[in-house]
Amino acid sequence: MRQRLRSVIIGWAKFTGRFNDWTDVERRTRHAEVVPFRGDLPAMAGAEYNQRRLVFDRPRPRVTHASNLLYTRLGMAWQSGTLQRRYSFQEVGPRHILERPRGAARTFARASILQSQTPLTYGDWVSEHVAALSVAIVERRLVEPLLLPQWWFSKSYVQRDLGLMGIRAEGFDATVRIEDATVIHKTRHSHFWARSEVEAIVAAMKIVRRPCAPGSALYLSRKGERGEGAARQVNNDVAEAAMTESGVQVVRTAGLTREDYIDLATSAETVFFDHGSAVYNMLHWQTRRVVELYAPTYWDPSFLLLADCLGIHDYHVWQCGPDASREALVSRVAALRAEAFVEHRSP
């Protein structure tokens, strides 16, 4: 019933001109290169041990301009009485359509805003926002201030990374008017990282990718961590015991700082990790092999594609659910560490 009501409201808004969505042509995608992995085959991955990178058939612009926007506390961009998806901070739902702004608490002559998809977690911040902002910085197209909804701007990792990128930003909790808005876009489909984005992040955040000690290995465990998104917990008790027995350094990610991750570089030639955004810190390491542990209920290719963009082609996906066995995992770790590294993507 709720989904039907949502469809009715969005359909009505499109028909009456209250909402301007992406067109079917703008949403159309196509397959690009194939990125392989080894190990187990998650149900979400399909029938083959690879993911085909999806790209928009019509490439989206990195930066556009829009005049006279009313920008709401939720990051929804209204122009001449129409809610514009292509300028808005998140996906549009009935609530956003029905909450048409009546005025502005403040006016900016010029400012930048982000067009994105799912501003919910640290992973979204890096994947959607840091990536897009980094490209704009490298191309010198960012106009300050960057305006962010206060509920997002106030997050500690947002504050930290804005400082690292040298961006002057402001948060707001009431509708503002922007006379000349620079719109910085998410240009890729979903989780399908592009190499140009990763290169831009390394440049914009002045990241130095540090060498790893030969033969080193660490496990990034989410045990004790309270994530912002849906719970997708692997069997940490089994995984931690198996890694410890296998001589793999176990690191619990809860509470770690950026500096802590940088210091782990020497231990990170092989990285085992629970599916989750802590592995974005791999940007700091010259890792050669990655093993992603996932729960049976969820997997997506975000980290596989990130690793590919970093030139890491020795990628493994292992299920580690409630029935995982310590003995089996110890044996599996030993067998993998005895193998030579895969340095090039298989054809």
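See the structure shown above.
Here the structure is a predicted model, which is why all the values come from computation and not from measurement. (Residues numbered from 1 in each chain as written. Predicted model: local features only at pLDDT ≥ 70, side-chain atom pairs only at ≥ 80, totals over all residues. Heavy atoms only, no water.)

Asks: Can you help me understand the packing of helix H4 (residues 122-138) against helix H7 (residues 195-204) in this one?
Replies: Working note: a packed helix pair is described by the angle between its axes plus the distance between those axes. Running from amino to carboxyl end, H4 crosses H7 at an angle of 70 degrees, the nearest separation of the two axes being 8 Å. Classified by the angle their axes make, H4 and H7 are roughly perpendicular. Residue-level contacts link Val 126, Val 130, Ala 131, Ser 134, Val 135, Ile 137 and Val 138 of H4 to Glu 197, Ala 200, Ile 201, Ala 203 and Ala 204 of H7. (Axes fitted to C-alpha atoms, helices over the stretch in contact; angles between N-to-C directions. Helix = DSSP H or I, 4+ residues; strand = E, 2+ residues; numbered from the N terminus. Parallel < 35°, antiparallel > 145°, perpendicular 65-115°, else oblique. Contact = heavy atoms within 4.5 Å.)

Asks: Explanation requested: helix H8 (residues 236-245) in the structure shown.
Replies: When H8 is considered as a whole, its buried residues turn out to be Asn 236, Val 238, Ala 239, Glu 240, Ala 242 and Met 243. Where H8 is buried, its residues contact strand E12 (217-221), strand E13 (249-252), strand E14 (270-274), strand E15 (289-294) and helix H11 (326-337). Looking at the residues trailing H8, positive phi occurs at Gly 247, about 80 degrees. (Buried < 20%, exposed > 50% of the residue type's maximum accessible area, 1.4 Å probe, protein only.)

Asks: I'm lost on the nonpolar core in this one. Help?
Replies: Most often, soluble globular proteins keep nonpolar side chains buried together rather than apart. Grouped together as the largest cluster of nonpolar side chains are 74 residues, with contacts concentrated most on Trp 125, Leu 148, Leu 162, Trp 193, Met 282, Trp 285 and Tyr 315. Ranked by the residues each element gives to this core, the list is headed by H4, at 8 residues. Among all residues touching Met 282, those that are not within four sequence positions of it are Arg 209, Thr 287, Val 290, Leu 306, Ala 307, Leu 310 and Ile 312. By size, the runner-up hydrophobic cluster in this structure holds 17 residues, among which are Tyr 219, Met 243, Phe 272 and Leu 293. (Core = buried A, V, L, I, M, F, W, Y, C linked by side-chain atoms within 4.5 Å.)

Asks: Hey, could you run me through the sheet that holds E15 in this one?
Replies: Picture the strands of a sheet paired through backbone hydrogen bonds; they go either parallel or antiparallel. Pairing in this open sheet of 6 strands is parallel, and the strands run E3-E16-E15-E14-E12-E13 from one edge to the other. In this open sheet, the two strands that pair with only one neighbour each are strand E3 (38-39) and E13. Where E12 and E13 come together, 4 bridges link them in parallel fashion. Its bridge partner lying in E13, Ser 221 is registered against Arg 252. Its contacts with the sheet place H11 against E3, E12, E14, E15 and strand E16 (314-319), and it is angled at close to 170 degrees to E16. (Pairing = 2+ DSSP bridges.)

Asks: What am I meant to see in the pairing of strand E5 (residues 63-71) here?
Replies: Walk down a regular strand and you will see the side chains alternate between the two sheet faces. When E5 meets strand E11 (residues 176-185), the two strands line up antiparallel, connected through 8 bridges. When the sheet's bridge partners are listed, Leu 69 is paired in E11 with Ile 178. With 2 bridges connecting them, E5 and strand E6 (residues 77-79) associate as antiparallel partners. From the neighbouring strand, Tyr 71 faces E6, where its bridge partner is Ala 77.

Asks: What's the story with the pairing of strand E9 (residues 146-149) in this structure? I'm lost.
Replies: Going residue by residue along E9, you find Leu 146 and Leu 148 tucked away on one face and Leu 147 and Pro 149 tucked away on the opposite face as well. Bridge analysis of E9 against strand E10 (residues 169-172) gives 4 bridges, and the strand direction is parallel. The residue of E10 that forms the bridge with Leu 147 is Glu 170.

Asks: Please explain the side chain of Glu 292 as it appears in this structure.
Replies: Here Glu 292 lies in strand E15. Given a relative accessible area of 0%, Glu 292 falls into the buried group. Among the polar contacts made by the side chain of Glu 292, one reaches the side chain of Trp 299 at a distance of 3.0 Å. When near neighbours in sequence (up to four residues on either side) are disregarded, Glu 292 contacts Phe 273, His 275, Trp 299, Asp 300, Phe 303, Tyr 315, His 316, Val 317 and Trp 318. (Polar contact = N/O pair within 3.5 Å; in protein donor to acceptor, adjacent residues only side chain to side chain.)

Asks: Would you explain the environment of Val 291 in this entry?
Replies: Here Val 291 lies in strand E15. On the basis of relative accessibility, which here comes to 0%, the residue Val 291 falls in the buried class. Sequence separation between Val 291 and Pro 322 is 31 residues; the distance between their C-alpha atoms is 18 Å.

Asks: Looking at this structure, how should I read unusual backbone geometry?
Replies: What you tend to see is this: most non-glycine residues have negative phi, and most peptide bonds are trans. For the peptide bond that leads from Glu 144 to Pro 145, omega is 5 degrees, which places it in the cis range. One can find Pro 145 in the loop between H4 and E9. With a phi close to 55 degrees, Lys 206 is a non-glycine residue in the positive phi region. Secondary-structure assignment places Lys 206 in the loop between H7 and E12. On the accessibility criterion, Lys 206 (65% relative accessible area) is exposed.

Geometry only, nothing functional implied.
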